[in-house]
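Here are the chains, one letter per residue:
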Amino acid sequence: MSSTIRVRFAPSPTGPLHIGGVRTALYNYLFARKMGGKFILRIEDTDQTRFVPGAEQYILDSLTWLGISPDEGVGAGGPHEPYRQSERKDLYMVYADQLIQEGKAYYAFDTSEELDAIRTLFESKGSAFQYNALTRVKLRNSLAMPPAAVQELLDSNVPYVIRLKVPAKGEVRFQDSVRDWVHVHTSSIDDKVLMKSDGMPTYHLANVVDDHIMEITHVIRGEEWLPSAPLHILLYQAFGWTAPQFAHLPLLLKPEGNGKLSKRDADLGGFPVFPMEWKDSQTGVISKGFKQEGYLPEATLNFLAFLGWNPGTEQELFSLAELVEAFSLERINKSGAKFDVNKAKWFNEQYLQLQAPEELAKHYLGNLPAEQGLAFVSLFLDRITFPQELKSLVDQFIEQPATYDEAVIQNKWNAEAEKGLRLIEQALPSVLNWQVDEIKHTIHTVLEGAGIKMGKVMQILRVALSGNGAGPDLMISMQLWGKTQVLERLTAALHVFPKNS
Ligand code: GLU
């Protein structure tokens, strides 16, 4: 076996990839890059009943959008093709057979009706049924039945499953990179099904066999798989293989911190929990995606990186390359990470500032002349969270105000302010070069001459011109509106504002 670090992201295509899954992919990617290893994408589609068309493509598209595509696997190819488990079906049977031959697994012929009946019986006695060392001797399987009877059932094609023969006594222990030592007694592990009656492997068998064959060195996955890890260790032992190093990532919690983040939280909170928009083909329901909401891929990655990991310094903004540099499994937190959408927005605002203004203008204000688009980008950039807000801000900016902020009028509109506005209205036509400096100079001069303080007039001037009490730089705004428009707006406001006695 080579010593190269090899990690895998192994989603099941059962629907849109949850943002927690994207975080798992990201941590795998970061670790692979950091260690000079390989990041593999394996599609775990052995559960035919949960297969959702389009889900695999969605996973690939999401990773592409974020720039964390796999080095090997579905969509990339590689030495262990195929990387889709449904296409590796025959392989798993060989390994299950091996365990049967070695007495480490067995055939079980119990029908689901029989098992249901036993479950009910146990429940009626106040206990829970487990298919394990205590019960298996009394059930319909190749451990409890004479070999000839077993052979007869097999020959007559009676459906069966293959179960792992979990040792009656013993302890399973492994050291997780995040959770440290995990100890479990084998009596708490039931004889899990490895092969189903439809000839398909279960997740457990396929996952372990593939991780071994694909030479996976580190299994980095969500905490929901921690309970399965002892069983996986038992499987590695049964095969005589070295288990990979495990790292179970903390859960993503609701914004309030109590319980696992769900799609319902997202719907209630109006924020996405999927990387990209997803349309349910059955119901037609569309779920929001980070991409369509206007999150930049860099911001999404940076936000996700911090959900369960921190660099141990004050630095928060990390490019993908910097994340690779700083990342380590040791700095992953044990406790759940609260999903805070305001933090996601904050990251987006930071990354928006770093975008090339020309690109933003071209993409979002492409209907305007380039120079004007650029001017609007610089006017509004620090006032937006998502780039598509530019368009509506500009539309609103261009529109003459239909209403005026009443509260500001109440507070700031008086004889002195009125005098100031009228003086400005008279002075502005003389501005020849309609640029910020000259506009500002003219307003200053005329107010100063009349002994009126700027502070008494500026906010009401803003209301007169834009309708709003707050907004982007007023002088730049005036330049962008143009002289005619500014004078029109001022005259209109002076007609509408109440008379001062
Ligand atoms: N197929 C599992 C999932 O959907 C993979 C779990 C693992 O990484 O072992 O999450």
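Preceding this paragraph is the structure being described.
Summary of the structure given here. Keep in mind it's a predicted model, so treat the numbers as computed, not measured.

Criteria and cut-off values
- Residues numbered from 1 in each chain as written.
- Predicted model: local features only at pLDDT ≥ 70, side-chain atom pairs only at ≥ 80, totals over all residues.
- Heavy atoms only, no water.
- Helix = DSSP H or I, 4+ residues; strand = E, 2+ residues; numbered from the N terminus.
- Buried < 20%, exposed > 50% of the residue type's maximum accessible area, 1.4 Å probe, protein only.
- Contact = heavy atoms within 4.5 Å.
- Expected span 1.5 Å × (residues − 1).
- Near = heavy atom within 4 Å.
- Polar contact = N/O pair within 3.5 Å; in protein donor to acceptor, adjacent residues only side chain to side chain.
- Areas by Shrake-Rupley, 256 points an atom, 1.4 Å probe, with all protein chains shown as cover.
- Nonpolar A, V, L, I, M, F, W, Y, C, P; charged D, E, K, R; others polar.
- Pairing = 2+ DSSP bridges.
- Axes fitted to C-alpha atoms, helices over the stretch in contact; angles between N-to-C directions.
- Phe/Tyr/Trp six-rings, centres within 6.5 Å; stacked < 30°, edge-to-face > 60°.
- Lys NZ or Arg CZ within 6 Å of the ring centre and 35° of its normal.
- Parallel < 35°, antiparallel > 145°, perpendicular 65-115°, else oblique.
- Left-handed = near helix turned anticlockwise from the far one by under 90°.

1. A few points about the environment of Ser477
- You can see Ser477 is positioned in helix H20 (residues 474-481).
- On the basis of relative accessibility, which here comes to 1%, the residue Ser477 falls in the buried class.
- If sequence neighbours within four positions are ignored, Ser477 has contacts with Leu379, Phe397 and Pro472.

2. Looking at helix H17 (residues 415-427)
- With 13 residues, H17 extends 18 Å from end C-alpha to end C-alpha; this agrees with the ideal 18 Å at 1.5 Å per step.
- Tucked into the core, H17 has its buried residues touching helix H16 (406-412), helix H18 (436-449), helix H19 (458-466) and helix H21 (483-496).

3. A short note on the site of the ligand
- Every residue near the ligand is listed here: Arg8, Ala10, Pro11, Ser12, Glu44, Tyr203, Asn207, Arg221 and Trp225.
- Residue Arg221 places a side-chain N or O atom 2.8 Å away from an oxygen atom belonging to the ligand.
- Separating an oxygen atom of the ligand from a side-chain N or O atom of Trp225 is a distance of 3.3 Å.
- Notes on the ligand: free accessible area 300 Å², of which the protein chains cover 84%.
- Here the shell around the ligand is composed, by residue class, of 4 nonpolar, 2 polar and 3 charged.

4. Thoughts on unusual backbone geometry
- Cis geometry is adopted by the peptide bond preceding Pro82, which originates at Glu81 and carries an omega value of -5 degrees.
- Tracing the chain through its elements places Pro82 in the loop between strand E3 (72-73) and helix H3 (89-101).
- A positive phi angle is found at Asn157, which is not glycine, with a value near 55 degrees.
- Of note, Asn157 is situated in the loop between helix H5 (147-155) and strand E5 (161-164).

5. Some words on the sheet that holds E5
- Spatial strand order, E4-E5-E8: 3 strands in an open sheet with antiparallel pairing. The two strands at the open ends of the sheet, each matched to only one other strand, are strand E4 (105-108) and strand E8 (193-195). Direction aside, neighbouring strands of the sheet carry axes that sit 45 degrees apart on average.
- Bridge count between E5 and E8: 2 bridges; the pairing is antiparallel. Pairing of Ile162 across the sheet is with Met195, part of E8.
- Packing of H3 onto the sheet brings it into contact with E4, E5 and E8, and relative to E4 it is tilted by some 105 degrees.

6. Considering the packing of aromatic side chains
- Applying the stated criterion to the full structure yields 32 aromatic pairs.
- Taken together, a centroid distance of 6.2 Å and an interplanar angle of 70 degrees make the contact between Phe129 and Tyr131 edge-to-face. Across the pair, Tyr131 and Phe129 agree in class, each one buried.
- An aromatic cluster is present here, built from Tyr27, Phe306, Trp309, Phe318, Phe327, Trp346 and Phe347 joined pairwise through their rings.
- The ring centre of Trp181 lies 4.5 Å from the NZ or CZ of Arg173, which sits over that ring.

7. What about the packing of H17 against H19?
- Between H17 and H19, the least distance of the axes is 10 Å, while the angle of their chain directions is 60 degrees. With respect to H19, the element H17 is oriented oblique. Every pair of crossing elements has a handedness; the one defined by H17 and H19 is right-handed. From H17, Ala417, Leu421 and Ile424 reach across to H19, where they touch Ile460, Leu461 and Ala464.
- Taken together, the residues of the contact of H17 with H19 break down into 6 nonpolar, no polar and no charged.

8. Re the packing of H19 against H20
- The N-to-C vectors of H19 and H20 enclose an angle of 30 degrees; their axes lie 11 Å apart at closest approach. Taken together, the axes of H19 and H20 are roughly parallel relative to one another. Both H19 and H20 take part in a crossing whose hand is left-handed. Two secondary-structure elements touch here, H19 through Met458, Leu461, Arg462, Leu465 and Ser466 and H20 through Leu474, Met475, Met478 and Trp481.
- Looking at the contact of H19 with H20, its residues break down into 7 nonpolar, 1 polar and 1 charged.

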